[in-house]
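The lines below spell out each chain.
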Amino acid sequence: MKIAVIGCGYLGAVHAAAMASLGYETVGVDVDAAKVERLRRGEPPFYEPGLPELLKGGVDAGTLRFTTEVAEAAGADVVFIAVGTPQLAGSDAADLAYVDAAIASLLPHLTERSLIAGKSTVPVGTARRLAEMVAPTGASLAWNPEFLREGFAVQDTLAPDRLVYGVQRGDDASVATLDTVYASILARGTERLVMDYATAELVKVSANAFLATKISFINAMAELAETVGADVTQLADAIGLDARIGRRFLNAGLGFGGGCLPKDIRAFQARAEELGHGEALGFLREVDQINLRRRDRMAWLVERELAAVGGDRVGMLGLAFKPDSDDVRDSPALDVCRILERGGRRVTAYDPQARETAGRSMPTLDIVGSVEDAVRHADVIALGTEWQEFRDLDPERIGALTGARVVVDGRNALDAQRWSAAGFKVVGLGRPEVEAA
Ligand code: UDX
């Protein structure tokens, strides 16, 4: 079986490498020549655990190729569409230009043997429109959304919770082709659900909307907890023990960022409005607002602590939108740096992987190469991303190399008692402050 993957970003590069690792002859196509050049050498253009090994394995075995020529997708049994659907400039809606361009460029290379499988996150109704575009070629189209999380992308692709196929009614051939592609995953008993296009598209956006809502729910509780002196982390533990609620995705803190949740909930709502049902998803506006308010709150807390010690220097630990990623798209941590800098504060930041990406996104930010350099001259330490490296820090050692005696923990990730015992005041989000012992 021959596979082509159009778009080699987070989704496509991982999918192409995963397909090659399953033994398929795979070609990844991307318009970005520099990215293709790196991928050809087996180097991912972004940080993702496990991906370098997978890429190199495929490239060295000769089963995985990368090209800028879409013509090389000709003859593929399945062409996966994995291009981005970013937020449209000046609007909340998704920009489908890359998806449309990918399909248009494929048209001359499709035959009635070809199956296009869309993976990109798209507004409901897109697959039906694309199916009409490809119909004259005789090719088939399925929507096969992807649920991968950055940091776990390889695992989520090769061992997903479920496979979802959106197909046209009665299109058993496309179902059979996808079953062949995913045979080894299905053989492990992975659930596979076959449905229509619209439902498959909605599965993806509603899953993301639910996750975002869960995070904002607990962050709304954090806002109230701050007002009444309660502890949101204990609250999350207690309600999370109810199996109907569950503890996962109930970590209060700086909230969600990244290339998916923020833009996907906005696009979902924009699509509902286009469909005349904006009221059904009106709550997502609140979800977005709660999420963004946490960044202001964190910046406010840092400002308050700076004022208390008469300083203006912040040591920021973490810039990526979440640990195990170098992605700073819509990163809460980076946003806090922006707010603080706008307020005239001097921020020195460190992130284990996001130095380059953050530097490109915020060239004015002073980014250093170690925790030590970030905190040495700080008046207040702030934690923006809960990397394991930060959880493992020895507060006694940090205390010995900086004059700062306050840490604002934007992810409620540090052991407050340990930091307190080492002489730090610990300020979390949605929980009572712990004074230095
Ligand atoms: C998400 C979805 O999880 C994935 O299924 C979809 O395919 C793409 O979008 P991702 O963006 O990689 O994946 O990150 P995720 O692990 O979902 O975290 C999103 C954000 O929420 C991060 O900024 C994270 O720090 C934050 N988060 C997560 C919380 O603030 N609290 C939590 O309890 C969990």
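From a predicted model like this one, the values you see are computed outputs, not experimental measurements.

Before we go on, may I ask you to explain the overall build of the protein chain in this structure?
For the protein chain, the count of helices and strands is 18 helices and 14 strands. Overall, the protein chain is about 70 × 50 × 40 Å in size when its C-alpha atoms are taken along their principal axes. Out of the 437 residues belonging to the protein chain, those deemed buried represent 54%. Contacts in the protein chain between residues at least 24 apart in sequence constitute 70% of all its contacts with a sequence separation of at least 6. Just so you have it, the protein chain exposes about 18,300 Å², and 53% of that area is on carbon and sulfur atoms. Distance between charge centroids for the protein chain: 1 Å, based on 47 positive and 62 negative side chains.

What is the right way to look at the pairing of strand β6 (residues 140-143) in this model?
On any regular strand, side chains alternate: one points to one face of the sheet, the next to the other face. Here strand β5 (residues 115-118) runs beside β6; their pairing, made up of 4 bridges, is parallel. Bridge assignment links Ala 117 to a residue of β6, and that residue is Ala 142. With helix α5 (residues 126-134) bridging β5 and the parallel β6, this β-α-β connection has right-handed handedness.

Help me understand the pattern of salt bridges, please; the structure alone is not making it clear to me.
Think of it this way: side chains of opposite charge can pair up when their charged atoms draw near. One pass over the full model with this rule turns up 40 salt bridges. Lys 263 is the salt-bridge partner of Asp 264, the closest N and O atoms lying 2.8 Å from each other. Look at Asp 264 and you get buried, because its relative accessible area is 3%. Among the charged side chains, a network of salt bridges with common partners joins Arg 266, Asp 288, Arg 295, Asp 330, Asp 335 and Arg 338.

What is the right way to look at the domain arrangement of the protein chain in this model?
Note on interface size: it is often stated as the accessible area lost on association of the parts. Examined at the domain level, the protein chain breaks down into domain 1 (2-194) and domain 2 (196-437). Each of domain 1 and domain 2 has a C-alpha centre, and these two points are 32 Å apart. For the pairing of domain 1 and domain 2, the buried interface totals around 2,600 Å² over both sides, and the portion due to carbon and sulfur atoms is 58%. Linking domain 1 with domain 2 are 2 salt bridges. When the shortest N-O distance is used, the salt bridge between Glu 150 and Arg 329 registers 3.3 Å. Taken together, the connections running from domain 1 to domain 2 amount to 14 residue pairs in polar contact (both at pLDDT 80 or more). Within the residue set of the side of domain 1 that touches domain 2, elements represented by two or more residues are α5, β6 and β7 (162-166).

Calculation notes
Residues numbered from 1 in each chain as written. Predicted model: local features only at pLDDT ≥ 70, side-chain atom pairs only at ≥ 80, totals over all residues. Heavy atoms only, no water. Helix = DSSP H or I, 4+ residues; strand = E, 2+ residues; numbered from the N terminus. Buried < 20%, exposed > 50% of the residue type's maximum accessible area, 1.4 Å probe, protein only. Contact = heavy atoms within 4.5 Å. Areas by Shrake-Rupley, 256 points an atom, 1.4 Å probe, with all protein chains shown as cover. Lys, Arg positive; Asp, Glu negative; His and termini not counted. Charge placed at Lys NZ, Arg CZ, Asp CG, Glu CD. Pairing = 2+ DSSP bridges. Right-handed = clockwise from strand over helix to strand, strands pointing away. Salt bridge = Lys/Arg side-chain N within 4 Å of Asp/Glu carboxyl O. Domains from an automatic or database assignment. Buried area = accessible area lost by both parts, 1.4 Å probe. Polar contact = N/O pair within 3.5 Å; in protein donor to acceptor, adjacent residues only side chain to side chain.

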